[in-house]
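Listed below are the residues making up each chain.
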Amino acid sequence: MASTTTRRLPLPPSRRAREDEAGAEQTAVEPYRLTPKLARRVAVLSGLVVIGFAALLLRLWALQVLAGSHYAAQAQANQVRTVRVEPPRGQIVDRTGHNVLVTNKLVTAIELWPSGLPKIYAQRVAELRALAHITRVNVRQLTREILAQRAVGDMLDPIVVRPQAPTAMLTYLQERAAAFPGLTLTRSYVRSYPHGDFATQLLGYVGPITPQELPTLGKEGFAPTDVVGQTGIEATYNKYLFGVPGAARVRVDALGRPRSARTLTTQPQPGQTVRLTIDAGLQIAAQNALQYGIQSARNTGEWAADGGAIVAMSPQDGSILALASSPTYDPSVYTGHITTRKLEAQGLVGKSALDKNYPSLDRALDATYPPGSTFKPLTAIAALQEHLIKPYALYPCTGTYVAPEDHSHHVFHNWDPNVNQGMDLPTALAQSCDTYFYRVGNGFYQLPTDRGQPLQKWARAFGFGKASAVDAGPDVPGLVPTIGYKHRRFSRHSGDPNWRIDRIWKPGDSINLAIGQGDLLVTPLQMTRFYAAIANGGKLVTPHVLMNVENPNGTLVPTTPPAAPRPIPGLNPAYLKVVQQGLFEGTHDPLGTSYGVFGNFPIPIAGKTGTAQKVVSLPGFTGEGDQSWWCGYGPVNAPKLVVCVVIENGGHGGTAAAPAAERVFAHFFHVPSAQQGLIHSD
Amino acid sequence: MLEYAGSQRAGLRNEREAPHLLSVVRSIDWILLAGVGALVLVGLWGVAGVTKFAVPNDPTYYLNRQILYAAAGGVALVVAALVDPDLYRRYWRAIFIGTATVIAFVLLIGHAARGSTRWISLGFFTFQPSEFGKLLFVLALAGMLAERQRAVSTWDTTLRVVGLGLLPVTLVFAQPDLGTALVYMAALGAMLFVAGAPWKHLAVLGGLVLVVAVGVLWAGPAAGVSVLKGYQQQRLTCFTHPSTCSVAARYNVEQAITTVGSGEIRGRGPNGATQVNLGFLPESQTDFIFAGFAEQRGFIGAALLLGLYLFVLWRGLRVVTVARDLFSAVVAGGIVVALLFQIFVNVGMTMGIAPITGIPLPFVSVGGSSLIANLAAMGVLLAIHARGRVSRGRRASLSARG
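**A closer look at the overall build of chain A**
Scanning chain A for helices and strands turns up 26 helices and 23 strands. Per-residue burial over chain A gives 42% buried out of 682 residues.

Quick look at the structure:
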């Protein structure tokens, strides 16, 4: 206490000196001072500081001075990314090479990098709302896409807001770029269809690789972002159309967003031009003819006629000149911004497909119908080959037929109940006598088992019951019923209480098969191929649509040619002549079923009508509908074109299908289409 | 045991006369103040470069805010330099309870928001109490040590101080803010060390820390007990076992090292600094700002910054030696070591020689709380120095006159 007091008071010098001396001896009263112990401890702390900073500076020196150039290079490499440059897709042209069927157009896509959106929730929502409003995109869909991308952890790719934006929208956004962080405008190519719904199902459409396709296409070098053909020609000849991708370097930030223009390092090679055997003019004529046929059917009271197909093919080499399928759709829905609403409007998804009668179905290749009377030439050939009938012997054509061996005495009716005369084979074909062929069918049934099933054997020999291997896309095999087929089809597991009876091949099965009914199912393309074989003297052609593939500079790309027409083994040309005569009489004998359509046609056409009963399910009606068929070729002496027409629920072959076929021939031979008097016949 | 002038009498504080304000100003450590001023300027320079492209079309957005914070920090520094540190010693309990309450309050808000929260939003400014806590915690524990100065070498004191100190450490750790909790622990150790706790105590405490660290990092996870959050655990084990570290976990530190290295000697400048501008460097404005600074200003700039830190730390340690009493010495020691720890861990983590923990770089990282709290701490150092010098100066002048 005393010492403190003294320090506060001004003391005489002598006293203060004493105090200081005393303080030196008595540490307890001395003011706080640096003891050796504290000094040691501060020295230890200083040592820590020195060691710590020595470590930091050494490390800094090592990183920046010794290894600086290495890290500088690394930082430089960090920001440069090599990106794939998708090549412009090749064109699809018709057989002339002048009519472009599918090409590309340059569009600007609006893309959004979710990582570039504002961090603050309210601002983010506001930007998305504004963007959705301007681009006329559903904001919910936009949000869903962002969330989906986040779910897979993909931060390096933008979301496509609109793959194809109108110029006004782009200008508006460009002027307000600062208000939309994360938005980029990217130019790209999309498919363009100058002819609209032209052979739509045949040409197919393109789309991003699907997860299902990726394993196989990935092995072929395609990237997950590539746009490839999904159906039709686009898919079949994708390897030619796609081209070779190029490479470009682009500066990116840490999230992969581009921060500079692309610098091409490898030029992309545009896809090759695929030239089809399709004749654009004939295709349009066929499409119009199909609509005309459907309309004709409706005009004659066939209210349910709403679809069909036309195949026009060269009978000599199998090149397809026209392939129409109705109903059809606008392929441009698959370019640009694909929305469910657009697809629904075209009947491409879900229930809308049913409502619109499946526009995406290529009825020429992938739909099967009972052929009806158009199948009779095959029965005729098979019967002649198996010596069941003689070509010019007369067999009764009556109103009804009962198989003599049939104990159930089932009565089979002729389409014309009033006929009762003997007919040779050409006449039976020309007038399409059912009872004549019922008898032939029963003849096949009565054959001893060691003769096998020759009718089915000949059907297969002419290409029925298996896919035609057409290059336009996978086609369906159809069905040629056999004893084995029925046996497999009906079993205790098939849910049919009468399976033990239904599985047996009965006389009626052979009799129905002989007139192209029963379980028999064929595609329009298979029928065309069969009539081509009749026309060309018994050679089975391979239908195809590819003519050649050209490089952008015009040189041809080697392709595998389709298999050459192959003579049908064991076919007697003399028998074929009889059938050809029958088909000619069908169009030129006044009693022939399509005489009214082709009798006065300037070019000699031979052909056969068909009216096939098929159980159909329509709105308000379930029962047997008449599938209207006509198949034939011309000119008869040197056939250049074979045409097959089927019109769903179109009624009689002579009223709907034959007039449509006549229009196709008229366009092909540059003759005016006749004003047709429609006749009511099978 | 260290001795100081008041050791003999408890009533000393009431009789000690406050030095005249003018003499305090005159005896300011101008060298330390100049060092701190230079640090703040270099920090603003760094912020200006690193945040130049952070906000589109507004290159000075962060710089302007940071200048405002620096000004506020300057005020805090002046106030702290003028306040007699003895005041803190007298009211250390109130300081401790207040600090702990605010940190606990933040923790409660965080739990209510079902996430981690280190901030209290004051509208224009988000206030981060744990940053100010660094200083307040040091003041409070130093007060406790000063009160028990006679028994400072007993186990009783050591355990009580550690026990009390662990409360805010636990609160901050639970926020969760592992980095700041570690800073508190470093400061706690430093204060015991400066106060004169026996080596044996320090050795035992050091051993305990080691055992806990081993337990948390290796034994705990092996036994299925995880004290740390997954990411904290991963960062620390990444540092000790880089080979077992996943690519994603290594990404940050590898980008930081590349960023530092790419600066080379002269730096790439704010416009050419692709690692910062293109976002390759994570947290470039806060935790990893040293890397961004090193990229833009090179070895020359980074070494200058480290040199300034070294300078300030040297002057800070000097303040420990001129302190007027045990309390002041302990406070100075705690402040200096907390600063050293933050600098070493932050700079070290950007260069891969310290584990990644979320600690801002003092005086440089963007953020008001950190800058203001650090400047206030420097103010306390200046106050301690000034009063230490004043008392010695008066003693010297008295002696001279005698």
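**Some details on the overall build of chain B**
Scanning chain B for helices and strands turns up 17 helices and two strands. Contacts in chain B between residues at least 24 apart in sequence constitute 74% of all its contacts with a sequence separation of at least 6.

**Things to note about the nonpolar core**
Formed by 130 residues in total, the largest nonpolar core has its most connected members in Val138, Met191, Val330 and Ile335 of chain B. Counting residues per element, this core draws most heavily on helix H16 (residues 326–350) of chain B, at 18 residues. Not counting the four nearest positions on each side in its chain, Val138 of chain B is found in contact with Ala187, Met191, Val331, Gly334, Ile335 and Ala338 of chain B. Counting residues in hydrophobic clusters, the runner-up holds 129 residues, among them Tyr240, Trp458, Ala612 and Ala658 of chain A.

**Brief notes about H16 of chain B**
Residues and elements named next belong to chain B. For H16, which comprises 25 residues, the first-to-last C-alpha distance of 36 Å matches the rise-based estimate of 36 Å (1.5 Å per residue) to within 8%. Burial of H16 is extensive: 24 of the 25 residues sit out of reach of the surface. Phi for Gly352, located one or two positions after H16, is positive at around 80 degrees.

**Comments concerning the packing of helix H16 (residues 376–385) of chain A against helix H19 (residues 454–461) of chain A**
Residue and element names in this part refer to chain A. At a minimum axis separation of 9 Å, H16 and H19 run at an interaxial angle of 120 degrees. Regarding the angle of H16 to H19, the classification is oblique. When you trace H16 past H19, the crossing you get is right-handed. Packed against H16, whose contacting residues are Leu378, Thr379, Ile381, Ala382 and Gln385, the element H19 presents Pro454, Leu455, Trp458 and Ala459 at the interface. When the residues that make up the contact of H16 with H19 are grouped by side-chain class, the tally is seven nonpolar, two polar and no charged.

**Digging into the confidence of the model for chain A**
Note: predicted coordinates in regions of low pLDDT should not be interpreted at a detailed level. All names here are of chain A. Counting all residues, the mean pLDDT for chain A is 86, and 92% of those residues have values of 70 or more. Under a pLDDT of 50 for its full length, residues 1–30 has, in the predicted model, 24 contacts with residues more than four places off or in other chains. In this model residues 677–681 is a low-confidence stretch, pLDDT under 50, and it forms twelve contacts with partners more than four residues away in sequence or in other chains.

**Here we look at the environment of Gly52 of chain A**
When you line up the elements, Gly52 of chain A lands in helix H3 (residues 36–66). Residue classification places Gly52 of chain A among the buried positions, given that 21 C-beta atoms sit within 10 Å. Residue contacts for Gly52 of chain A: discarding those within four places in its chain leaves Leu340 and Phe344 of chain B.

**Things to note about the environment of Arg298 of chain A**
Residues and elements named next belong to chain A. Within the secondary structure, Arg298 is located in helix H12 (residues 280–299). Linking Arg298 and Ala656, residues 358 residues apart in sequence, is a C-alpha distance of 8.7 Å. With near-sequence residues (within four places) excluded, Arg298 lies in contact with Trp303 and Ala305.

**Regarding the sheet that holds strand S9 (residues 263–266) of chain A**
Residues and elements named next belong to chain A. A sheet is described by the order of its strands in space; here three strands give the open sequence S1-S8-S9, paired in antiparallel fashion. Strand pairing shows two members of the sheet lacking a second neighbour, strand S1 (80–85) and S9, which therefore form its edges. Averaged over neighbouring strand pairs, the angle between their axes works out to 35 degrees when direction is ignored. In terms of strand pairing, strand S8 (residues 246–251) meets S9 through three bridges, oriented antiparallel. If you follow Arg249 over to S9, its bridge partner there is Thr263.

Rules used throughout
In every chain, residue numbers begin from 1 and rise along the written sequence. The naming scheme follows written order: chains are lettered A onward, ligands numbered 1 onward. Thresholds applied to this predicted model are a pLDDT of at least 70 for local features of residues and 80 or more for the giving and counting of side-chain atom pairs; totals over whole chains, interfaces and linings are not thresholded and use all residues. Strands are runs of DSSP state E lasting at least 2 residues, helices are runs of H or I lasting at least 4, and numbering of each runs from the N terminus. Exposure in this text rests on C-beta crowding, where 20 or more other C-beta atoms within 10 Å of a residue's own make it buried, 12 or fewer make it exposed, and counts in between make it partly exposed. The C-beta atoms are placed from the backbone. What counts as a contact here is a pair of residues whose C-beta atoms, placed from the backbone, lie within 7 Å. The nonpolar core criterion groups buried Ala, Val, Leu, Ile, Met, Phe, Trp, Tyr and Cys residues into a set whenever they are joined through C-beta atoms within 7 Å. A helix is expected to span 1.5 Å for every residue after the first. Comment: axis = line fitted to C-alpha atoms, over the contacting stretch for helices; angle = value between 0 and 180 degrees taken between N-to-C directions. The labels follow the angle: roughly parallel below 35 degrees, roughly antiparallel above 145, roughly perpendicular from 65 to 115, and oblique for the rest. For a crossing to be left-handed, the near helix must be turned anticlockwise from the far one by less than a right angle; the clockwise case is right-handed. The residue classification treats Ala, Val, Leu, Ile, Met, Phe, Trp, Tyr, Cys and Pro as nonpolar and Asp, Glu, Lys and Arg as charged. All others, Gly included, are polar. The predictor attaches a confidence to each residue, called pLDDT, with possible values from 0 through 100. When DSSP finds two or more bridges between two strands, those strands count as paired.

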